[in-house]
Amino acid sequence: MYPHQRQIYCRYLSTKDSKRFKLNGTAVAIAVAGLGFGGYAAWKWDLFGSNSVSNKTGTGTIDFTRVVKYKTEAMEIIDRPKHKPSRQFKFDTDTSGFKFTLYQYQTCPFCCKVRAYLDYHGLSYDVIEVNSVWRTQTKWSKYKKVPILICEGQGPGGSLQLNDSSVIMSMLESNRIDKSLTLEKLISYYPYTEGKKRGRTVYNFHNQYYVMYGDNTMDMTTEQFKEEQKWRQSFRYFSDVGQWEKVFSTFERYFVIYFGAAAMFVLGKVLKRRYELKDDVRQSLYDACHEWCKAVGTNKKFFGGNVPNLVDLSVYGVLSSIEGCDTFKELRLNNPQLVVWYDNVKQAVDGHWGANPEITR
């Protein structure tokens, strides 16, 4: 029995519900890239199938002994170079004591999710923009995808590496709810498996949609848990937005834009078949947004009620990745309910509502 194999109150992942929705962040990225906007590849392989700790839905405890051959320690950080941040976001609302550095692609849907969470809760962070073709900024990392969130001053080596957008959000939310659950301790509650696919090292993270509560009381019903988990999984103009001209050379910028678009065109055809998207991939996105609006309903401001929850921030983050594209403009024209919800979340994120107890209580 490992030390972390204790009972933790949590929100359970419903495996059956998770299969209902196929338009995830990758599909959104493919939809955008297939329409000629792609300048990066958002890789998200579902390699190991459903291997969650539990497929029950409700309030209960996790038995970590059911996961085999998993790793619970933080990934070792070796010789991480000191890159100059492309941007720095400092918020007066930040009382966390954390120093975060986010390695990202500006318009990657998964990176946008993490930024939405950090901004909403008024957490300061530096941004390292990653060249999406050569990825020289993340050569030091064993984990090669983005986002990667580094927490300085944490962990045995002085820096703690957090991987996978959903894991990052769940860990930060768990720590926000129960400060006794440090990030270093929480790492062990999100174990990962490591394998090979076509010669590439790949990782699958467990419990990424779980929020750990420790001994705190949860404020949701079982049905609300199920709905939140389902939607957190549902949603699986680039050079200017990423301020690439300040970070990369002219050659690098054009190579990323044109090579990335060509690669995404080919990849889009493959993944369109895999995710059973429609011939006009925009229509798959529109259908998913209509279904999302039905889930939010008309009698509340956000999916989370009076304030956004993790689902609102996740879906908002994914959709914000295509803000400024023609597809997004069409969404706004054809879905008035989505416009109201999106603008409300944007106001909450930009206003750092999560850092204001008068708003979130």
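Residues numbered from 1 in each chain as written. Predicted model: local features only at pLDDT ≥ 70, side-chain atom pairs only at ≥ 80, totals over all residues. Heavy atoms only, no water.

## Some points on unusual backbone geometry
The linkage connecting Val146 with the following residue, Pro147, adopts the cis geometry, with an omega of 10 degrees. Structurally, the position occupied by Pro147 is in the loop between strand E5 (125–129) and strand E6 (148–152). The phi dihedral of His352 falls on the positive side, at around 55 degrees, and the residue is not glycine. As for its position among the elements, His352 is in the loop between helix H12 (336–350) and helix H13 (357–360). (Helix = DSSP H or I, 4+ residues; strand = E, 2+ residues; numbered from the N terminus.)

## Remarks on the side chain of Lys113
In this structure, Lys113 sits in helix H3 (residues 109–120). The side chain of Lys113 is buried and forms no salt bridge, while Asp164, the nearest opposite charge, is found at 6.5 Å. (Buried < 20%, exposed > 50% of the residue type's maximum accessible area, 1.4 Å probe, protein only. Lys, Arg positive; Asp, Glu negative; His and termini not counted. Salt bridge = Lys/Arg side-chain N within 4 Å of Asp/Glu carboxyl O.)

## With respect to the pairing of E5
Here E5 lies mainly inside the structure; 5 of its 5 residues are buried. Covered by surrounding structure in E5 are Tyr125, Val127 and Glu129 together with Asp126 and Ile128, the residues of both alternating faces. Bridge analysis of strand E3 (residues 87–89) against E5 gives 3 bridges, and the strand direction is antiparallel. Residue Arg87 lies in a different strand from E5, and its bridge partner there is Val127. Handedness of the crossover joining strand E4 (residues 99–104) and E5 through H3 is recorded here as right-handed. (Pairing = 2+ DSSP bridges. Right-handed = clockwise from strand over helix to strand, strands pointing away.)

## Some words on H12
Here H12 contains 15 residues, and its C-alpha end-to-end distance of 21 Å stays within 8% of the 21 Å for a straight helix at 1.5 Å per residue. Turning to H12, its buried residues are Leu338, Val339, Trp341, Tyr342, Asn344, Val345, Ala348 and Val349. (Expected span 1.5 Å × (residues − 1).)

## Quick notes on the environment of Ser132
Of note, Ser132 is situated in the loop between E5 and E6. Given a relative accessible area of 12%, Ser132 falls into the buried group. In this structure, the C-alpha to C-alpha distance between Ser132 and Val146, residues 14 residues apart in sequence, is 9.4 Å.

## Some words on the nonpolar core
Ranked by internal contacts, the top residues of the largest apolar core, which has 73 residues, are Phe100, Leu183, Leu319, Leu331 and Trp341. For this core, the leading source of residues is H3, giving 7 residues. Those residues in contact with Leu319 that sit more than four places away from it in its chain are Leu285, Cys289, Phe328, Leu331, Leu338, Trp341 and Tyr342. (Core = buried A, V, L, I, M, F, W, Y, C linked by side-chain atoms within 4.5 Å. Contact = heavy atoms within 4.5 Å.)

## What about the sheet that holds E4?
In spatial order, the strands read E3-E5-E4-E6-E7; together these 5 strands make up an open sheet with mixed pairing. Pairing within the sheet leaves two strands with one partner each, and these edge strands are E3 and strand E7 (159–163). Neighbour-to-neighbour, the strand axes of this sheet turn through a mean angle of 20 degrees, independent of strand direction. Across the sheet, H3 lies against E4, E5 and E6, angled at about 155 degrees from E4, the strand it touches most. Across the sheet, helix H4 (residues 165–177) is in contact with E4, E6 and E7; its angle to E7 comes to roughly 120 degrees. (Axes fitted to C-alpha atoms, helices over the stretch in contact; angles between N-to-C directions.)

## Things to note about H3
Over its 12 residues, H3 runs 16 Å from end to end, which matches the ideal 16 Å to within 8%, given 1.5 Å per residue. Counting buried positions along H3 gives 12 out of 12 residues, so the element sits mostly inside the fold. Among the residues making up H3, those that are buried are Pro109, Phe110, Cys111, Cys112, Lys113, Val114, Arg115, Ala116, Tyr117, Leu118, Asp119 and Tyr120. Among the residues trailing H3, Gly122 stands out with phi positive, at a value near 65 degrees.

## Considering empty space enclosed by the protein
Taken as a whole, the largest cavity holds about 100 Å³ of empty space. Forming the walls of the largest cavity are 14 residues, and the residues nearest its centre are Gln161, Asn163, Ile187, Tyr192 and Phe205. Of all elements in the fold, only E7 and H4 reach the threshold of two or more residues within the lining of the largest cavity. Here the residues of the lining of the largest cavity sort into 9 nonpolar, 3 polar and 2 charged. (1 Å grid on protein atoms, 1.4 Å probe; cavity = no way out; pocket = protein on both sides within 12 Å on 5 of 7 lines; lining within 4 Å. Points joined across faces, edges and corners; volume = space filled by probe spheres on them. Nonpolar A, V, L, I, M, F, W, Y, C, P; charged D, E, K, R; others polar.)

## Brief notes about the packing of helix H10 (residues 310–320) against H12
Packing of H10 against H12 brings their axes to within 10 Å, and their N-to-C directions diverge by 105 degrees. Our classification of the angle between H10 and H12 gives roughly perpendicular. Two secondary-structure elements touch here, H10 through Asp312, Leu313, Val315, Tyr316, Leu319 and Ser320 and H12 through Leu338, Trp341, Tyr342, Val345, Lys346 and Val349. Residue composition of the contact of H10 with H12, by class: 9 nonpolar, 1 polar and 2 charged. (Parallel < 35°, antiparallel > 145°, perpendicular 65-115°, else oblique.)

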